[in-house]
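Structural description and commentary
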Amino acid sequence: AQSVTQPDIHITVSEGASLELRCNYSYGATPYLFWYVQSPGQGLQLLLKYFSGDTLVQGIKGFEAEFKRSQSSFNLRKPSVHWSDAAEYFCAVGAGNTGTASKLTFGTGTRLQVTL
Amino acid sequence: DGGITQSPKYLFRKEGQNVTLSCEQNLNHDAMYWYRQDPGQGLRLIYYSQIVNDFQKGDIAEGYSVSREKKESFPLTVTSAQKNPTAFYLCASSNPSRTYEQYFGPGTRLTVT
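In short, a report on the structure. (Residues numbered from 1 in each chain as written. Chains lettered and ligands numbered in written order. Predicted model: local features only at pLDDT ≥ 70, side-chain atom pairs only at ≥ 80, totals over all residues. Heavy atoms only, no water.)

**Notes on unusual backbone geometry**
Residue and element names in this part refer to chain B.
- In this structure, the amide linkage connecting Ser7 to the following residue, Pro8, adopts the cis form with an omega of -10°.
- Within the secondary structure layout, Pro8 lies in the loop between β1 (4-7) and β2 (10-13).
- One non-glycine residue, Asn28, lies in positive phi territory at about 60°.
- Take Asn28: its relative accessible area is 54%, and that puts it in the exposed class.
- Positive phi, normally seen in glycine, also occurs at Asn53, with a value near 65°.
- By secondary structure assignment, the location of Asn53 is in the loop between β5 (43-49) and β6 (56-57).
- Asn53 gets classed as exposed once you look at its relative accessible area, which sits at 64%. (Helix = DSSP H or I, 4+ residues; strand = E, 2+ residues; numbered from the N terminus. Buried < 20%, exposed > 50% of the residue type's maximum accessible area, 1.4 Å probe, protein only.)

Written as structure tokens, this is what we have:
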């Protein structure tokens with residue numbers, strides 16, 4: 001079965017500093033990978049996705065992620081963090097397409113705190 | 001604007017009562033999903049539906065029921081059989097041509113005492 005590991009439960013960075021959130025996955029085939037962001041008490045917003053092709057993908061809000069098959073990783077990065085980036089971030093892997101629906105398996109999330 | 005609405009934002013119930021959470025979408029998506037979110041556990045899939053009058057159990061379906069009578073609506077009932085119903089519930093939908101891109105509603109926080 002597929003799984004996603006986000007080893008960092010909580011990360012604190014200073015505003016303007018760079019950010020990297022780690023994600024490791026386990027999946028037998030070529031994975032579909034996602035990063036979502038969730039503000040407190042809100043739903044999830046898709047930041048970026050990887051299906052195939054270029055292993056460095058760009059997303060919204062200045063985020064990017066790099067797929068590394070050899071390391072089974074899909075780490076999220078941002079060169080300069082803004083205070084508004086404080087939120088919880090979830091990595092997810094596509095777990096099989098069942099017709100018109102698809103099942104995602106989510107990691108347990110990383111909470112990002114930004115200090116001024 | 002298209003999107004997913006969930007109501008209410010907060011819901012309180014007494015133990016032993018069934019409660020229904022609403023989810024409506026105007027994105028014309030065929031597939032809809034219900035997730036449960038608990039602190040430190042990420043999101044877990046409860047039920048999903050590919051088309052009207054069809055739905056499938058997810059990973060934690062016990063104690064929950066759903067219906068899909070209309071394309072736009074996918075209500076979730078938390079029954080008295082659910083042993084630990086207090087949680088944050090999220091509804092999502094996806095387009096059949098881009099099924100992995102799921103769009104989420106704002107969620108309903110259910111508290112059962």
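**Regarding the pattern of salt bridges**
- For the structure shown, the criterion picks out 9 salt bridges over all chains.
- In this structure, Lys71 of chain B engages Asp30 of chain B in a salt bridge whose closest nitrogen and oxygen atoms are separated by 3.4 Å. Residue Lys71 of chain B is located in the loop between β7 (64-66) and β8 (76-78), and its partner Asp30 of chain B is located in the loop between β3 (19-25) and β4 (31-37); the two are separated by 41 residues in the primary sequence.
- Lys71 of chain B gets classed as partly exposed once you look at its relative accessible area, which sits at 25%.
- Each of the salt bridges in this network shares a partner with another, and the network as a whole consists of Glu64, Glu66 and Arg77 of chain A. (Salt bridge = Lys/Arg side-chain N within 4 Å of Asp/Glu carboxyl O.)

**A short note on the state of the cysteines**
- Here the structure, examined in full by the defined rule, presents 2 disulfides over all chains.
- Here Cys23 of chain A connects covalently by a disulfide to Cys91 of chain A, the sulfurs 2.0 Å from one another. Taking the torsion about the sulfur-sulfur bond, which here is approximately -65°, the covalent link between Cys23 of chain A and Cys91 of chain A counts as left-handed. Of this pair, Cys23 of chain A sits in the loop between β3 (19-21) and β4 (24-26) while Cys91 of chain A sits in strand β10 (residues 87-98), placing them 68 residues apart in sequence.
- A relative accessible area of 0% means that Cys91 of chain A is categorised as buried.
- Across the disulfide from Cys23 of chain B sits Cys91 of chain B; the S-S distance is 1.8 Å. One quick way to see it: the torsion about the S-S bond of Cys23 of chain B and Cys91 of chain B is about -70°, and its sign makes the bridge left-handed. In this pair, Cys23 of chain B is assigned in strand β3 and Cys91 of chain B in strand β9 (residues 87-95), connecting sequence segments 68 residues apart. (Disulfide = S-S within 2.5 Å.)

Note that every value here comes from positions in space, so none of it alone points to a role or purpose.
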